[in-house]
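A structural walkthrough
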Amino acid sequence: KHLSELSKEQVLAMLANLERDYSERFDKAVEVGMTPARTDVEFAYALDISRCIGCRRCVHACVDENNQSRDPEVQWIRVLAMEKDKGIDFAHADPYYNPETVPEPGHFYLPVACQHCRNAPCVKSCPVGATWQEPDGIVVIDYDWCIGCRCCIASCPYGARHFNWKEPNVPAEELNPKTHYLGNRPRPVGVVEKCTFCIQRVRDGRYPACVEVCPVGARKFGNLLDPASEIRYVLENKRVFVLKSELNTQPRFYYFYGL
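Residues numbered from 1 in each chain as written. Predicted model: local features only at pLDDT ≥ 70, side-chain atom pairs only at ≥ 80, totals over all residues. Heavy atoms only, no water.

1. Quick word on helix H2 (residues 57–65)
Put simply, the rule is: Whether a residue is buried, partly exposed or exposed follows from its accessible area with a 1.4 Å probe, protein chains only, as a fraction of its type maximum: under 20%, in between, or over 50%, in that order. Secondary structure elements are taken from DSSP: a helix is a run of H or I of four residues or more, a strand is a run of E of two residues or more, and numbering for both begins at the N terminus. Residue contacts follow a heavy-atom distance rule, with two residues in contact if any of their heavy atoms lie within 4.5 Å.
Cys58, Val59, Ala61, Cys62, Val63 and Glu65 are the residues of H2 that are buried. On its buried face, H2 is in contact with strand S3 (78–83), helix H5 (199–202), helix H6 (209–213) and strand S10 (219–223).

As C-alpha cells, this is what we get:
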C-alpha cells in the first residue's frame, strides 16, 4: 500500500536525471534506456560444450559491454576447466586454469553465468522485491531497490550473483554509454549485479556480447517461442541438459553436445 506506479512522464524524468548524472560523471554522453519486454518473446541460451575452447573471450566481452568494475574486476561469467576423464565434476573444476594455450589436452570447458531460472531462488529470497523475472524471461535487478542484504547470493545455486564491495571502477574511456535501467547502467557500491542476457542489446534485436564474440560459435541465443529459431532447433535436435536439475530451478540456460 506504500507503493505507487510511476507515470510515463515520471519514468522519462527519472531516466533523464540518470543520463545527466552519468554524463557529468564520465564526461561523455550516456544513454539510459528502458526498452520493455515483448509479449511474444521468451529468451533462452544454449552452450555447446563440445565446441567451447576455454579462451575466455566471452568473459572479457561481457565485462566491456556491461560496465563491470575493472579494479577489482567483476566477472559475470566463470569458465570452469574440467577433466574429460571425470566428466562434469564441480568438486574438481578449475576456474583459475592458465595454460600457455587452450584448449588444454584432456580438458573441456563449462562456462557458467546466471541461468535465468523460471523457478528462481534468488527472486523468492529477496526481502524487498528488488529482483524479479520479466515477461521475456530475463531475471533483472533494480539497483535502486537493492539493499545489499545478499540473500539472493546465498540462495543462488550457480554462484551467478556478485556484490559490489566498493564503488565500481570503470574508466570513463572504457564505459559503454548505451545502457539499460535494468542492465548495464553504472551501479553504486553495496548492490548485487549479474548477467542480464545483455538486456540493452537483445531487446533491440542484437545478440548478447558473449555470443557475438565467441570465435567457435559455441554460444546460441534466441526466442523459445519462435519455432524457426536456432535455440528451438538445438532443444529439439541435440543432447541437451541443465545444471543442477534436481533443484527444480528450471533454467533458461541449456548445455548441449553439438558434435
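2. Considerations on the side chain of histidine 162
Looking at where histidine 162 falls in the secondary structure, it is placed in strand S7 (residues 162–163). Judged by its relative accessible area of 17%, histidine 162 falls in the buried class. Apart from residues no more than four positions distant in its own chain, histidine 162 is found in contact with Val74, Gln75, Trp76, Ile153, Val191, Val192 and Glu193.

3. A short note on the state of the cysteines
Let me state the cut-off plainly: Count a disulfide wherever a pair of cysteine sulfur atoms falls within 2.5 Å.
For the structure on display, the rule yields zero disulfides. Its sulfur unpaired, cysteine 126 is 6.0 Å from the next cysteine sulfur, which belongs to cysteine 149. Given a relative accessible area of 18%, cysteine 126 falls into the buried group. The thiol sulfur of cysteine 151 is not disulfide-bonded, and the nearest other cysteine sulfur, from cysteine 149, lies at 3.6 Å. Accessibility expressed as a relative area gives 34% for cysteine 151, which makes it partly exposed.

4. As for the pattern of salt bridges
What counts is decided by this rule: The salt bridge definition used is simple: a Lys or Arg side-chain nitrogen within 4 Å of an Asp or Glu carboxyl oxygen.
On inspection of all chains with the given rule, the structure shows 18 salt bridges. The closest approach of N and O atoms between lysine 178 and aspartate 204, which form a salt bridge, is 3.6 Å. Note that lysine 178 is positioned in strand S8 (residues 178–180) and aspartate 204 in the loop between H5 and H6, a separation of 26 residues in sequence. A relative accessible area of 33% means that lysine 178 is categorised as partly exposed. Between glutamate 212 and arginine 201 there is a salt bridge whose closest N-O contact spans 2.9 Å. Pair noted here: glutamate 212 is in helix H6 and arginine 201 is in helix H5, with a separation of eleven residues, a long-range link. Using a relative accessible area of 52% as the deciding quantity, one classes glutamate 212 as exposed.

Note that every value here comes from positions in space, so none of it alone points to a role or purpose.
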